[in-house]
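Geometric and topological summary
Here's the letter readout for the chains.
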Amino acid sequence: MRRRRGGSSSASPAVGRALDILVYLAARPGLVRAATLARDLDIPRSSAYHILTVLADRGFVSYVPEEQAYGLGVTTFEVGSAYLRHEPLERLARPLLRSLARRLGQTVHLGILHGAETMYLLKERPPAGRAGDVDIALVTDVGVRLPAHLTANGRAILAYSSDAQLRALFPRPGDLTTRTGKGPRTLTGLRQELARDRERGWSQEIELVARGFCSIGVAAFDHLERPIAAISTTWSRQRPRHDTDDVRDALRHGAARLTAAVSGHAPQNT
């Protein structure tokens, strides 16, 4: 797969090559060795190593010494999240969330991954009189950030991350944070739960964010089958309004509509 992009021979070839490297890594499912990257992009090895070092220093790529290979870093996720915070995604998602909130009688959120945190972009409450609980989304207001590995919203997105991306997001793999004393405490445990979530196509957390409440989240995808955001809802375990299967199916339908609205495609196994 030898490729040369015309822009790399412009007045700033290093900038063009750096962007080529980021796009190349974004399209690969796993880690890539520098020699392979240099060959596929037709970049001199010395230049590839220099650019990768600069990108790693700034967090755009992550180097895994055990495999002597590179993957995307946390800063790349942050840039992508900043793009997704722009109005178009929110404008497309808002009517879908409003419809889900009416149907479920529960608060529904749109969230994205911001580093290792879930950041909530939209919050739609059900019409007055439809919600059986006090607003249970007090913690998850617009702009609030929570550890992504604890929220159903964040886990729905993390389920499609590579091992290299997870290692970059959680550099202390044996000491994951907890809010209620529940949830995975190691990266190995988190990987196992995320693998299950990816296989079934949705995520659930039970009392990981707040005692007495549980949530379900489903990811929406871009044209490269990458998760760009997730739709989630939270309810009281003591006073459920619907069966879990009904909530899951409603969110999956909403996420599929958002994926279609952004001209995206869900992976085959979802």
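So, here is what we can say about the structure in this document. Since this is a predicted model, take the numbers as computed values, not measurements.

A word on the overall build of the protein. Regarding its fold elements, the protein presents nine helices and eight strands. Considering the protein as a whole, with its 270 residues, one finds that 48% of them fall into the buried category.

Let us now look at the pattern of salt bridges. Summed over the entire model, instances satisfying the criterion amount to 14 salt bridges. Between Asp197 and Arg196 there is a salt bridge; the shortest N-O distance is 3.1 Å. For Arg196, a relative accessible area of 38% translates into the label partly exposed. Note that Asp249 and Arg248 form a salt bridge whose closest N and O atoms lie 3.0 Å from each other. Among the charged side chains, a network of salt bridges with common partners joins Arg94, Arg98 and Glu124.

With that settled, consider the side chain of Arg155. Relative to the helices and strands, Arg155 is located in helix α6 (residues 152-158). Look at Arg155 and you get buried, because its relative accessible area is 1%. Leave out the neighbours within four places in its chain, and Arg155 touches Ala148, His149, Leu150, Pro184, Leu190, Glu193, Leu194, Arg196, Asp197, Ser203, Gln204 and Leu208.

Here we take up the packing of helix α1 (residues 13-27) against helix α3 (residues 45-57). Where α1 meets α3, the axes come as close as 10 Å, and the angle between the chain directions of the two elements is 75°. With respect to α3, the axis of α1 lies roughly perpendicular. Of the residues in α3, those touching α1 at Ala14, Arg17, Ala18, Ile21 and Leu22 are Ser47, Ile51, Leu52 and Leu55. Across the contact of α1 with α3, the residue classes break down as seven nonpolar, one polar and one charged.

A few words now on the sheet that holds strand β7 (residues 213-221). Strand order across the open sheet formed by six strands is β5-β4-β3-β8-β7-β6, with antiparallel pairing between neighbours. Every interior strand has two partners, whereas the edge strands, β5 (145-147) and β6 (203-206), have only one. Strand after strand, the sheet turns through a mean of 30° between neighbouring axes, direction not considered.

For the pair helix α2 (residues 34-41) and α3, interaxial distance at closest approach is 9 Å and the crossing angle is 120°. For the pair α2 and α3, the sense of crossing is right-handed. Here Ala34, Ala35, Leu37 and Ala38 of α2 come into contact with α3, specifically with Arg45, Ala48, Tyr49 and Leu52. Of the residues contributing to the contact of α2 with α3, the split by class is seven nonpolar, no polar and one charged.

When you tally the buried positions in β7, you get eight out of nine residues, the bulk of the element. Here β6 runs beside β7; their pairing, made up of four bridges, is antiparallel. Within the sheet, the bridge partner assigned to Ile206 lies in β7 and is Cys214. Where β7 lies against strand β8 (residues 227-236), nine bridges are found, and the strand directions are antiparallel. Bridge pairing in β8 places Val218 opposite Ile231. Connecting β7 to the next strand, β8, in antiparallel fashion are five residues, including Glu225 with a positive phi near 65°.

Attention shifts here to the nonpolar core. If you look at the biggest cluster of nonpolar residues, it comprises 27 residues, and the most contacted ones within it are Leu97, Leu110, Ile231, Leu251 and Leu258. Elements represented by at least two residues in this core include exactly α5 (87-104), β3 (108-114), β4 (117-124), β7, β8 and α9 (244-261). Counting residues per element, this core draws most heavily on α5, which supplies seven residues. Residue contacts for Leu110: discarding those within four places in its chain leaves Leu89, Ala93, Leu97, Met119, Tyr120, Leu121, Leu122, Asn153, Ala229, Ala230, Ile231 and Leu258.

Moving on, we come to α3. Taking 1.5 Å as the rise per residue, α3 with 13 residues should run 18 Å; its terminal C-alpha atoms sit 18 Å apart, in good agreement. Within the span of α3, buried status applies to Ala48, Ile51, Leu52 and Leu55. Buried residues of α3, viewed axially, fall in a sector of 100°; they line one side. Opposite the buried face of α3, at more than 90 degrees from it, the exposed residues are Ser46, His50 and Asp57.

Conventions adopted
- Residues numbered from 1 in each chain as written.
- Predicted model: local features only at pLDDT ≥ 70, side-chain atom pairs only at ≥ 80, totals over all residues.
- Heavy atoms only, no water.
- Helix = DSSP H or I, 4+ residues; strand = E, 2+ residues; numbered from the N terminus.
- Buried < 20%, exposed > 50% of the residue type's maximum accessible area, 1.4 Å probe, protein only.
- Salt bridge = Lys/Arg side-chain N within 4 Å of Asp/Glu carboxyl O.
- Contact = heavy atoms within 4.5 Å.
- Axes fitted to C-alpha atoms, helices over the stretch in contact; angles between N-to-C directions.
- Parallel < 35°, antiparallel > 145°, perpendicular 65-115°, else oblique.
- Nonpolar A, V, L, I, M, F, W, Y, C, P; charged D, E, K, R; others polar.
- Pairing = 2+ DSSP bridges.
- Left-handed = near helix turned anticlockwise from the far one by under 90°.
- Core = buried A, V, L, I, M, F, W, Y, C linked by side-chain atoms within 4.5 Å.
- Expected span 1.5 Å × (residues − 1).
- Arc of directions from axis to C-beta.

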